[in-house]
Amino acid sequence: MKSAIFALLAGSAAAFAPASVNKASTQLSLSLDDMAGSTAPIKNFDPLSLATSGSEETLLWFRAAELKHSRAAMLATTGYIVQGSGIHFPGMLSHDVSFESLSSMKPLDAWAAVPDAGKAQILLTIFIAEMISEAKGTHYTKGGSYPTIVFPPIDFSGVNAETMAKKHDSELNNGRLAMIAIMSFIAANNVPGSVPALIGNPAF
């Protein structure tokens, strides 16, 4: 179901232009308090102590990974809700697969129904976006900025620092919720009754 999820993931490289981080080192001079996303009601939630499990570069890599997954999850959740509401692209994905037919399938079934050439295009687009975001200037684990939007770039240079700080927090918090949401959607689709709040919802 929900083929738009996979297409939307290709644009997962970003929503907001991130601020620069302090130059990384092998010592943990950087903490969660110094990073975006440390907000109420659960400030610095880190039950597995991942923030202190490695070097400062490791912490910055974890944050970038969380940011990318947050953005992908927000796009996936939005795509799932849109198609779950009966909205889908018109026409045919290929000569024998319509977008309407994909929208009626479960996520993994929809992916399996996409022709191999289509899957290759989606994966290649994601790969290119990832390579571009990772190759820009100084790497984020070495003091550079976190990955920014690829298709198309958005300039937030005119936004003041206080507003941008709030946007960074909002992006991460919304992304964390979206990661929980999309996993719940997939679970509800593949394991009936696994998400009580979604039982009886026609989208699942």
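In this text, all values refer to a predicted model and were calculated from it rather than measured experimentally.

About the cut-offs
- Residues numbered from 1 in each chain as written.
- Predicted model: local features only at pLDDT ≥ 70, side-chain atom pairs only at ≥ 80, totals over all residues.
- Heavy atoms only, no water.
- Helix = DSSP H or I, 4+ residues; strand = E, 2+ residues; numbered from the N terminus.
- Buried < 20%, exposed > 50% of the residue type's maximum accessible area, 1.4 Å probe, protein only.
- Contact = heavy atoms within 4.5 Å.
- Expected span 1.5 Å × (residues − 1).
- Polar contact = N/O pair within 3.5 Å; in protein donor to acceptor, adjacent residues only side chain to side chain.
- Patch = residues over 30% accessible without salt bridge, like charges linked within 9 Å, V, L, I, M, F, W, Y side chains within 5 Å.
- Areas by Shrake-Rupley, 256 points an atom, 1.4 Å probe, with all protein chains shown as cover.
- Salt bridge = Lys/Arg side-chain N within 4 Å of Asp/Glu carboxyl O.
- Axes fitted to C-alpha atoms, helices over the stretch in contact; angles between N-to-C directions.
- Parallel < 35°, antiparallel > 145°, perpendicular 65-115°, else oblique.
- Left-handed = near helix turned anticlockwise from the far one by under 90°.
- Nonpolar A, V, L, I, M, F, W, Y, C, P; charged D, E, K, R; others polar.
- 1 Å grid on protein atoms, 1.4 Å probe; cavity = no way out; pocket = protein on both sides within 12 Å on 5 of 7 lines; lining within 4 Å.
- Points joined across faces, edges and corners; volume = space filled by probe spheres on them.
- pLDDT = per-residue confidence, 0-100.

Some points on the overall build of the protein
Regarding its fold elements, the protein presents six helices and zero strands. Sequence-ordered secondary structure for the protein, helices as α and strands as β, is α-α-α-α-α-α. Scored against the burial criterion, the 204 residues of the protein give a buried share of 36%. At a minimum sequence separation of 6, the contacts of the protein that also span at least 24 residues come to 73%.

Structural notes on helix α6 (residues 161–190)
Taking 1.5 Å as the rise per residue, α6 with 30 residues should run 44 Å; its terminal C-alpha atoms sit 43 Å apart, in good agreement. Every buried residue belonging to α6 is among Met 164, His 168, Glu 171, Leu 172, Gly 175, Ala 178, Ala 181, Ile 182, Phe 185, Ala 188 and Asn 189, and all of these are buried. The opening residue of α6 is Asn 160, an N-cap whose side-chain oxygen sits 3.2 Å from the backbone nitrogen of Glu 162.

So, helix α2 (residues 56–84)
Taking 1.5 Å per residue as the helical rise, α2 with its 29 residues ought to reach 42 Å, and the 41 Å between its terminal C-alpha atoms agrees with that figure. Within two residues after α2, Gly 86 carries a phi angle of roughly 95 degrees, on the positive side.

Structural notes on a nonpolar patch on the surface
On the surface, Leu 124, Phe 127, Ile 128, Met 131 and Ile 132 cluster together into a nonpolar patch covering about 460 Å² of accessible area. Tracing the sequence through the fold places Phe 127 in helix α5 (residues 116–135).

Considerations on the pattern of salt bridges
For the structure shown, the criterion picks out five salt bridges. One salt bridge in this structure joins Glu 130 and Lys 68, with 2.6 Å as the shortest N-O distance. Of this pair, Glu 130 sits in helix α5 while Lys 68 sits in helix α2; the two residues are 62 residues apart in sequence, bridging distant segments of the chain. Where salt bridges share partners, they join Arg 63, Glu 66 and Arg 176 into one cluster.

Re the packing of α2 against α6
Running from amino to carboxyl end, α2 crosses α6 at an angle of 55 degrees, the nearest separation of the two axes being 7 Å. As far as their axial angle goes, α6 and α2 are oblique. Between α2 and α6 lies a crossing whose hand is left-handed. In this structure, α2 contributes Arg 63, Glu 66, Leu 67, His 69, Ser 70, Arg 71, Ala 73, Met 74, Ala 76, Thr 77, Tyr 80 and Ile 81 to the contact, and α6 contributes Glu 171, Leu 172, Asn 174, Gly 175, Arg 176, Ala 178, Met 179, Ala 181, Ile 182, Phe 185 and Asn 189. Residues of the contact of α2 with α6, tallied by class, amount to 12 nonpolar, six polar and five charged.

Observations regarding the layout of surface pockets
Volume-wise, the largest pocket comes out at about 590 Å³. When contributions to the lining of the largest pocket are tallied by element, the ones reaching two or more residues are α2 and α6. No other element matches α2, which puts four residues into the lining of the largest pocket. Here the residues of the lining of the largest pocket are counted per class, giving 13 nonpolar, five polar and five charged.

Considering the confidence of the model for the protein
Here the protein shows a mean pLDDT of 79. Residues at 70 or above account for 83%. Per-residue pLDDT stays below 50 along residues 1–28; that stretch engages in 104 contacts with residues further than four places along the chain or on separate chains.

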